[in-house]
Structures are given as structure tokens and as C-alpha cells.
Amino acid sequence: SHVLRWIVKGSLALPIPISLYLYILCYTISLQQRGTSAANMSQKEVNGSSHRGKVLTLETMNQNVRQVEYAVRGPMVLRAVQIEEELKKGVKKPFTEVIKANVGDAHAMGQKPITFIRQVLALCAYPALLEDDKFPEDAKLRARRILDGCGGQSIGAYSASQGIECIRKDVASYIEKRDGGIPSNHENIYLSTGASDAIVTMLKLLICGEGRTRTGVMISIPQYPLYSAALTELQGVQINYYLDEDKCWGLDVGELRRSLTAAREHCNPRALCIINPGNPTGQVQSRQCIEDVIRFAKEEGLLLMADEVYQDNVYAEGCVFHSFKKVLFEMGPEFSSVVELVSFHSTSKCYMGECGFRGGYMEVVNLDPEVKAQLTKLVSVRLCSPVSGQALMDVVVNPPQPGEPSYATFTKERAAVLADLAEKAKLTEESFNNVPGFHCNPVQGAMYTFPRITIPQKAIDQAKAAGQAPDQMYCMKLLETTGICLVPGSGFGQREGTFHFRMTILPPKEKLKYVLEKIAEFNAQFLQDYS
Amino acid sequence: MKKPYNEVIDVSRDNPHATGMKPMSFVRQVIASCIYPELIDSDKMPLDVRKRAKTLLECIGGSVGCYSDTIGIPIMRDSVSDFLTRRDEGVPSASGKIFITHGSDHGFGLLLTMLVRGDRSPLVGVLTPVPSQDFGNATLVASGATAVPYYLDGQQGWRLHTEELQRALRSAREVCDPIALYVINPGDPTGHVQSRESMEEIIRFVYEEKLLLFANEDHQDILIGEGCMFISYKKVLAEMGSPFSDAVELASIHSASKGFMGEGGLHGGYLELVNFDPSVQIEFDRLISLLVLPIIGQLALEVMLNPLQPGEPSYEHYQEEIQHIRETLVHNVTRAFEVLDSLPGISCEPINGGASMFPRLHLPHTAIHQAKEEQLPDFFYCSRLLEQTGLCVCPGSDLGLPEGTYHIRLCIMTSVDTMEEVLRRLGKFHKQFMKDFS
């Protein structure tokens, strides 16, 4: 209650509800056609009473909601769903199914869950199974540990808002191990509803000021549209820095500096966001690059937000994931005791692909203790993240060890998932680079490809006349012709005059081959039609 | 560190599993089978569990790891819609107006988002009941809406009086633009269950004053009071006919967090919109479509709303479990009143529903005086209670009650043994407290 009074007194002047923006994920849309179910409704109920105005109208409602561009959501996915309905109704089309290569949903594309993970979670959901000898001892051990951390031994009890303590401790141990022994304190770990929730929380903490002093946040272009949407909602200033397509989407400090200098004219830049491995671009930043970014952040007094949800998804030869925290500490106390860093991770990607569980965490490093106290308060006045997601995160950071019964199977399954993705990454890159007019950077990591495509002037003109981004028109035609749903590059940001699309590499290999063929065919036809 | 107790018992909030209530077996069996589908093929699980899990898995794309359809998987919304039509005896419900949420708090937050106008003056106001957890809670405060208190009648079982609503509205109009009335029925922490007449008065009131009506009906599943019945606002509204049934914009909120499910940690809930402007509803769709909801919560919700039928293998056991929970609650209330009646300086209105008790403390002047040096009297009482007995309850001042009356709130959704221990600690402390400050 005292916490609430603090907040009421305006120590955190938050203009927009916390609970909503925790869960922004811009591209997961399958907006079902809203059936009118006319049989169930009177016409009046459908339209509302005609002689009396509504209390809540487009004019009286929150205008911010109306203004936010939910970049990846939109006509593409709506149309994809419509087409699915049409196919169900027997409408003839040149294809028999819609292939949703737009969203990073591994399981929906056929990726198998990891057995061990599901065993532990089933045990947590229904603890009577702990008596079942079909479940291995190492799974039971972990389930018991998790349940001991839950109120009443149930994942249905609310947990402490920052997340179950023993799980946060396990996360801290995992980070230490991953980063070669650099210490991690569980008090700096916040379990969240996917990484998106934590990212939005940090943005809320950062954004303040008015006019020229309004907080600016640097984000990479192309970017994962959660950041732009959140910044619009929170009325933060978006500061774009461009990744270099010709250098495999590398990051150049000169570009960071250019972007920052320009931004200082009109806002107060306070944070730099970086996604590594990248989404949609798939690059895995080199160690040198990470050091450069850290140095830059120190020089310019920026808080670093490192989105590392794809940290296990690294495929290319010679590429290695370096956590920002590890690099920071290896740069010595001059940096490691100063640079404010927040790192994010999630259970939705990597080899797990468990999007539905909503597990995630952030680790905060070098935050001002009073600010951290505010963050903890902010988090503590709302409900905890879903406990099943917290449990899942515990399994992810506490996998079977050599000698344990499930070790062999677990390792095999994990390796198979990652090898499969690596193979598909290579296949995709090669295929696309054989398509005239396409230029596809290697998919070094993550789970997407973001090729640059060529759109003839005639098509560009037609699109512009129709008020559409040219790559959107391209993707829409692709969808209508082939049933393949992608996301136009305009949704992620790109250099003026260039066009891209984002496709996931998640479909099973045979289907992926089919998709790659069809896109090539379509592209050839498209170039011809608009030559 | 030595203390006169071994463990803290926290009944300050409604968290049934943490205080000894057990999850429903069928629900957890279905969820476990969805998580680990090998269980569907084995004969370890009853047939109805396996069938349900199989059906649900097919609807969610084959794995609980998929992103769910962001307005709740269609089958979930259909389940909600069917449930509501059955519950409200034929008053139609359309799945197009149902939105799956993380729970009631989240649903309330979404509605607030739709209302607020940022810094545009005047701020919107929401008439909010006192005492309630929502008054002053972060969702409301952070949303930018103004919470306008209306006071429930602590002498008459915490009922709502329309006169009080009118007073609140008048005073609200001086400082903000009141746009919605928020009602909690069954009441929490008050335990009050509204009569149909009272609900009709509310509906008339919002109609005349042009307010939205938000009804939090989270505790609808278990009523304790003799002869008490839950009727939904939607049903009452429909049965009032025109002009009300066509005009009043109602949002009803419910979840799997309370009642016999108690699955707060799983995050499954829904809200239903009635009579909202269709273009506003499209915006609401857009807002919700940003959300990625945990599938497990939706599974729990689906089972709650689509319960077993007589004849199915798990039906009897399921009913027994619900019955047991009901009986536990009734027992806890009875015992609690027995204990309170034996104590001086503490009284409580009847509890007809909800999951809390909200006794009033008649504190001696000395205590009030001493407390005021540092803090609010009921907070003073509660912190001493915690320090001395390890029992954690919630002070009434946290729920918006003004100076002058003092209350504590304790959750009664606990195991029988836990309640005994709670009452033992409370009774012992209270007697001593009253003596020390007499």
C-alpha cells in the first residue's frame, strides 16, 4: 500500500496503463473474421441503439490506441485469414493452403517440443504424476524444486511479482555459467511475460520529459516492430540507426554517432536498443562490434538494452554469440562498473520455441540503486508473470547435465532442432541468391531471412498510386497467387528506395523448398508483368 | 532468528492455492495431457481427460507452445460464449464480443486504456467502489483515469445505495469527466451479493447518467449466503428490456483466478462487451491483438466454462471437489464468526460471497492515538499482528476506506487447518491488543 502511495504521489508519472503494454507483440495476428452470428443478435444489439449516442465512441476513446501503427499486423495477415476461410469453403485457388511464414512460431510450423521440458511442465501441472515411474528422475527433481517455490505447491498460485525466487537464482546461475563465471545476482533478475513485457517495462521507466527533453531511444533499422509500437504508445522519441546491408547488416559506430548527433537536436537520447542475433536481419554481431557499442554507450551516456532472445540460434561458420554482459565485464572495470545494461531473454525462441508459455526475464546491471528500487516497486504492484512460463524458464536454465537420465535425449533433440534450422538457413540463403533481383545476406542466426528484392518502377508507381508501400503490394500479390504469407520490409524499416520482405525459415524442409520455389516463380512472373 | 511462530501465514490477498486449496484434478489432468501428449495415448488418464486434451490440442495448432490466436483461440471464445448463453438462460452471447485476457485485473486495465484521453483535460473518471482492491490500485492510477470513490454501506452489509452513487457522481463532475461505473458483484472484500432490484437500480442509474458499466463478476462461482443467487448483469440488463437492454454499454469481467478454480497463476480470463459501438469494438480488437496470451491459462478457462457432464468418468469426482471447496468455505466463515463473536472490539457484516472477510476493528482511543504518531491505525494493528504472530492481513485503509473506521481483510479461501490457525493467531493477538490499549 505504501508502494501505491509512492506511485500515486507521482514518483512515476506513467501516462498509459502498465498492464496492457506488457504484451505487445506486433505480428501474431490471426484476426478471425468476426461472424455476425446474426441468429444470436437482434439488429439493434449489433448496431446499438440508433436514437441515442454511445458513451464510448471513436471520438471519446483513447486516441493513442487509434494512432499506433501495429506495423506487422495489418492487411497481410487479415487477408491470409480470409483466404483460409475461403479455402475451407471450397473456393478454388492456385494453392491448397496458406503457409504462414510471417510469424516466428516454431511449433505451429511443426517443430517438435523438447521432451524433457514438457515432462517437467506436465509434472508441475499435475503433481500426481510424480508417482508415475514413466517420468525420469531428473525431470521429477526439477518439478519438485519448482513446486517448492510455488505457493501451496501449485503453479496456480500467484507468485511474488518479481518472479519465484528459486527460479531467479537458477537464472542467475545459468548466466554465470554462460558468461564464464562473471557473477550474476538473482536480485537483478526479473521474470517477465516473454521478453516483450520486460522491454516495455524498461521503456516506461526511461521515457519522460517534454518537447526537446523528451526521452529518445535508439533502435536499429530494420527493427522488430515491438520497439516502434511501444515508443509510439509511450510517446517516446524513436531514433533510427541503420544497419549496413552491404556488410551483412553489421553495425557501424559512425552511423550510431550520426544518428545520435542528429537526434540531440530534438530530444534527449537516453537508451540504445540492440537485437543480437538480429530480427529480422539475422546477423550475429562480432565481439568487436559489441565492444564498440559498449564503448559508444559509455561515451555518450546511454543505457544499453540488449535483446538476446535468439542467443542459441547461431548457424553460420565463424559466428558466435557473445552476451553483452560478458563482453562488458571482460572490458574491465572502466566499463563494467559504469555502463548501465539490461539484457533480455525469452522461452519463445532458441531451440525451445515455446511461444505459448510466455516465459522471459531481464537482468539489470549497474542500475542506480534508487532507480532499481523504483523498478522493483513498479513490478511489485502488478501481478506476476504466468507461473507456467516461470517454470519453463527454470527448465531452460537448468537443463539435464551429463550423467543425468535425460541428458542424452535432451542433447540429441536440441542439436537436431538447431541443426535443422541451420540447414534451412543455408538453403534459404542459397535459393534466394539464385533469384534474379534478390540479394540475400547470410542468415547467421535467429529464424528469419530478410532479402532485398527488386521492384520495377512500374510496380512502384502502381503501388504508390494505390497508397500502398511497394513491398506490401508485392507481398499481397504473392499471398493471393501462392498462399504464402510474408511480412513486407516496410513494416520493419529499411533504407529509402530499398525493398525487402521477412520470411521465417521455420517451415519443415520440404515445405520450405516448395515455398522457395514458389517465391522464385512468382518473382519471375512479377518482374515480367511489370517490366 | 527466533520468533514466537514458525512461519508467516499470508491471507492478505486472495491466493487460494497458496493458502491450502487444491486445484481441480480434471483441470490439471487435461492441462498436463496437453503439455505432454504422450499422456493422451497412455491409459493413465481417464478417458474424458484424454478426449478433452485431444480436442483442445487440435484447436490450438497441435502444441501448447504455439502463439495463440490473440483474441483467444476460437474454440475458447466459443466455449465462453456457450457458457454465457447457458448461464444466463438463453440471453444470447456472441463469440465476436468475447475477449480472452490474463485475468480480471488485466481485463479492467484494457477497458481503462480504451477510455483515457492522455493529458487532455478533464481526465476521465471511473466511479469505483470503496472498499475494494481496485481503488487506488496501480492499473487505475497508472491509466490516467481518476478513480472516483463511492462508499458501500458498512452498516448494511456493504450494499450500494443509488443516493451514494449520485453524490459521488456530482462531486466527480467537479473534477473530471465521469464516464464509467465499476461494480464488483459478488463484492470483494465485502462479501456482498447484489439483489436483482439493486442491480436494476444500477442499470437505470447508468442509463440516465450516460455511463459505461463495468461489472467484475469474478466471484460468481461460489456463494455462501443462504438463498443468495448470482445473476449476471448481462441477464438483468436483457430482462429489463428496452430502452435499457439496447443502450447500456456493459463490459463483464470473469476469470479462472477465483472461485473453485483458484488458478490465478495461470492467467486465464475473459471479458464480454454488450452494446458497445461497433467501430469502438474494432479498435478494442486492435488493442487486444497486440497481446500474446499464455495458452495454459486459456486451457484452464475452457475447462472451467465447459465442465464435465453427468455420466462422464471424472464427473463425480469433479463435483465432489467443488462440493468440498464450498463446504470448506462455509465452514471457514462459520468458524470465523464464532471466533469474532467471542472477541471484543471486532465485528463483521455477513459474508454471502467472495473469498474474503472484512471485519471492522473498534479500536480503543489509546491505540488510535499511538498509531497516529507513525501511521494509519489499521496499518498499525496489522503490522503488530504480523510482527507478533506471523499472520499477514490487509489493512482496510489500503482499500480506500477513509479515516475514522478501521478494518482488516483476510482471505477465507484456505484449508480448514489454515483457517483454524489464522483464527487462533488473530484471536490471541486481538485479545491482547485490546487489553494493552484499553
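Owing to the predicted nature of the structure, the values given are computational and were not obtained by experimental measurement.

**Examining the overall build of chain B**
A tally of regular secondary structure across chain B gives 16 helices and 14 strands. Compactness check: chain B gives a C-alpha radius of gyration of 22 Å against a globular reference of 22 Å for 438 residues, within 12% of the reference. Each principal axis of the C-alpha atoms in chain B carries an extent, and together these give about 65 × 55 × 40 Å. Looking at chain B as a whole, 67% of its 438 residues qualify as buried. Per element, the accessible surface of chain B, about 15,100 Å² overall, is 51% carbon and sulfur. Here chain B contributes 38 positive and 58 negative side-chain charges, whose respective centroids are spaced 3 Å apart.

**A short note on the domain arrangement of chain B**
All names here are of chain B. Partitioning chain B into domains gives domain 1 (9-21 + 316-436) and domain 2 (69-282). The partner domain 2 presents 32 residues to the 30 residues of domain 1 that form the contact. The three residues of domain 1 that bury the most area against domain 2 are Glu349, Asn352 and Leu399, which together make up 24% of that side's buried surface. Between domain 1 and domain 2 we count two salt bridges in total. Aspartate 14 serves as the salt-bridge partner of lysine 258, at 3.9 Å between the closest nitrogen and oxygen.

**Observations regarding the sheet that holds strand E4 (residues 146-151) of chain B**
Residues and elements named next belong to chain B. Read across the sheet, seven strands follow the order E2-E8-E7-E6-E5-E3-E4 without closing on themselves; strand pairing throughout is mixed. Lying at the two open borders of the sheet, with one neighbouring strand each, are strand E2 (98-101) and E4. On average, adjacent strands in this sheet sit at an angle of 25 degrees to one another, irrespective of strand direction. Where strand E6 (residues 212-216) meets strand E7 (residues 250-255), four bridges bridge the pair, whose relative direction is parallel. Looking at the pairing, alanine 215 lines up with serine 252 of E7. Sitting on the sheet, helix H11 (residues 278-288) touches E2 and strand E8 (269-274), and the angle it makes with E2 is about 25 degrees.

**Observations regarding the packing of helix H15 (residues 377-389) of chain B against helix H16 (residues 416-436) of chain B**
Residues and elements named next belong to chain B. Viewed as axis vectors pointing N to C, H15 and H16 meet at an angle of 120 degrees, and their least axial separation amounts to 10 Å. As judged from the angle between their axes, H15 and H16 are oblique. Seen along the crossing, H15 lies across H16 with a hand that is right-handed. Across the interface between the two elements, Phe380, Tyr381, Arg384, Leu385, Gln388 and Thr389 from H15 touch Arg425, Leu426, Phe429, His430 and Phe433 from H16.

**Some details on the packing of aromatic side chains**
Inspection of every chain in the model, using the stated rule, returns 27 aromatic pairs over all chains. An angle of 70 degrees between the planes, with centres 5.3 Å apart, marks the rings of phenylalanine 432 of chain A and phenylalanine 438 of chain A as edge-to-face. Phenylalanine 438 of chain A matches phenylalanine 432 of chain A in its accessibility class, with the two residues each being buried. Geometrically, the ring pair formed by phenylalanine 99 of chain B and phenylalanine 284 of chain B is edge-to-face, given 4.8 Å between the ring centres and 85 degrees between the ring planes.

**Concerning the packing of helix H6 (residues 115-125) of chain A against helix H16 (residues 387-397) of chain A**
Residues and elements named next belong to chain A. Relative to each other, H6 and H16 sit at 135 degrees, their axes nearing to 10 Å. On the basis of the axis angle, H6 is oblique to H16. Helix-helix and strand crossings are classified by hand; for H6 and H16 the assignment is right-handed. Note on element contacts: H16 touches H6 through Ser388, Ala391, Leu392, Val395 and Val396, opposite Phe116, Ile117, Val120 and Leu121. Counted by class, the contact of H6 with H16 contains eight nonpolar, one polar and no charged residues.

**Considerations on the nonpolar core**
Residues Leu203 and Tyr351 of chain A together with Leu299 of chain B are the most contacted members of the largest nonpolar core, which totals 174 residues. Broken down by element, the residue count for this core peaks at nine residues, all from helix H13 (residues 315-341) of chain B. Here leucine 299 of chain B is in contact with Ile31, Cys34, Leu56, Ile60, Val64 and Met76 of chain B, once residues within four sequence places are set aside. By size, the runner-up hydrophobic cluster in this structure holds 38 residues, among which are Phe135, Met199, Phe205 and Val274 of chain B.

**Quick notes on the sheet that holds strand E4 (residues 237-242) of chain A**
As a general point, the strands of a sheet are linked pairwise by backbone hydrogen bonds and lie either parallel or antiparallel. Residues and elements named next belong to chain A. Spatially, seven strands are ordered E2-E8-E7-E6-E5-E3-E4 in an open sheet, and the strand pairing comes out mixed. Because the sheet does not close on itself, it has two edges, and the strands there are strand E2 (189-192) and E4. Pairs of neighbouring strands in the sheet enclose a mean axial angle of 20 degrees, with direction left out of account. Relative to strand E7 (residues 341-346), strand E6 (residues 303-307) runs parallel, the two sharing four bridges. Directly across from aspartate 307, in E7, lies its bridge partner phenylalanine 344.

**Quick notes on the pairing of strand E8 (residues 360-365) of chain A**
Residue and element names in this part refer to chain A. With respect to burial, E8 is a largely interior element, six of its six residues being buried. Side chains of E8 alternate between two faces, with Gly360, Met362 and Val364 and Tyr361, Glu363 and Val365 buried alike. Examined bridge by bridge, E2 and E8 share four bridges and lie antiparallel to one another. By the bridge assignment, serine 192 is partnered in E8 with glycine 360.

**Description of the side chain of serine 33 of chain B**
All names here are of chain B. Secondary-structure assignment places serine 33 in helix H1 (residues 25-35). For serine 33, a relative accessible area of 0% translates into the label buried. Other than its neighbours up to four places away in sequence, serine 33 contacts Leu39, Ile40, Met45, Val49 and Ala53.

**Quick notes on the confidence of the model for chain A**
Residue-level pLDDT values for chain A average 88, and 89% of them are 70 or greater. Predicted confidence is poor over residues 1-50 of chain A, with pLDDT under 50, and the contacts of this stretch with residues over four places away or in other chains come to 144 contacts.

**Re the environment of cysteine 248 of chain A**
Residues and elements named next belong to chain A. Structurally, the position occupied by cysteine 248 is in the loop between E4 and helix H11 (253-263). Between the C-alpha atom of cysteine 248 and that of alanine 463, which follows or precedes it by 215 residues, the distance is 28 Å. When near neighbours in sequence (up to four residues on either side) are disregarded, cysteine 248 contacts Gln283, Asn441, Pro442 and Gln444.

**Let's talk about H1 of chain B**
Of all 11 residues in H1 of chain B, 11 are buried; the element is thus mostly enclosed. Those residues of H1 of chain B that fall on the buried side of the exposure criterion are Ser25, Phe26, Val27, Arg28, Gln29, Val30, Ile31, Ala32, Ser33, Cys34 and Ile35 of chain B. Those residues of H1 of chain B that are buried lie in contact with H6 of chain A together with helix H2 (38-41), helix H3 (47-59), helix H12 (295-305) and H13 of chain B.

**Overview of the side chain of glutamate 283 of chain B**
Examined against the element boundaries, glutamate 283 of chain B turns out to sit in helix H11. Contact partners of glutamate 283 of chain B, with chain neighbours within four places excluded, come to Leu58, Met61, Val65 and Arg66 of chain A together with Met114 of chain B.

What counts and what doesn't
- Residues numbered from 1 in each chain as written.
- Chains lettered and ligands numbered in written order.
- Predicted model: local features only at pLDDT ≥ 70, side-chain atom pairs only at ≥ 80, totals over all residues.
- Heavy atoms only, no water.
- Helix = DSSP H or I, 4+ residues; strand = E, 2+ residues; numbered from the N terminus.
- Rg over C-alpha atoms; globule rule 2.2 N^0.38 Å.
- Buried < 20%, exposed > 50% of the residue type's maximum accessible area, 1.4 Å probe, protein only.
- Areas by Shrake-Rupley, 256 points an atom, 1.4 Å probe, with all protein chains shown as cover.
- Lys, Arg positive; Asp, Glu negative; His and termini not counted.
- Charge placed at Lys NZ, Arg CZ, Asp CG, Glu CD.
- Domains from an automatic or database assignment.
- Contact = heavy atoms within 4.5 Å.
- Buried area = accessible area lost by both parts, 1.4 Å probe.
- Salt bridge = Lys/Arg side-chain N within 4 Å of Asp/Glu carboxyl O.
- Pairing = 2+ DSSP bridges.
- Axes fitted to C-alpha atoms, helices over the stretch in contact; angles between N-to-C directions.
- Parallel < 35°, antiparallel > 145°, perpendicular 65-115°, else oblique.
- Left-handed = near helix turned anticlockwise from the far one by under 90°.
- Phe/Tyr/Trp six-rings, centres within 6.5 Å; stacked < 30°, edge-to-face > 60°.
- Nonpolar A, V, L, I, M, F, W, Y, C, P; charged D, E, K, R; others polar.
- Core = buried A, V, L, I, M, F, W, Y, C linked by side-chain atoms within 4.5 Å.
- pLDDT = per-residue confidence, 0-100.

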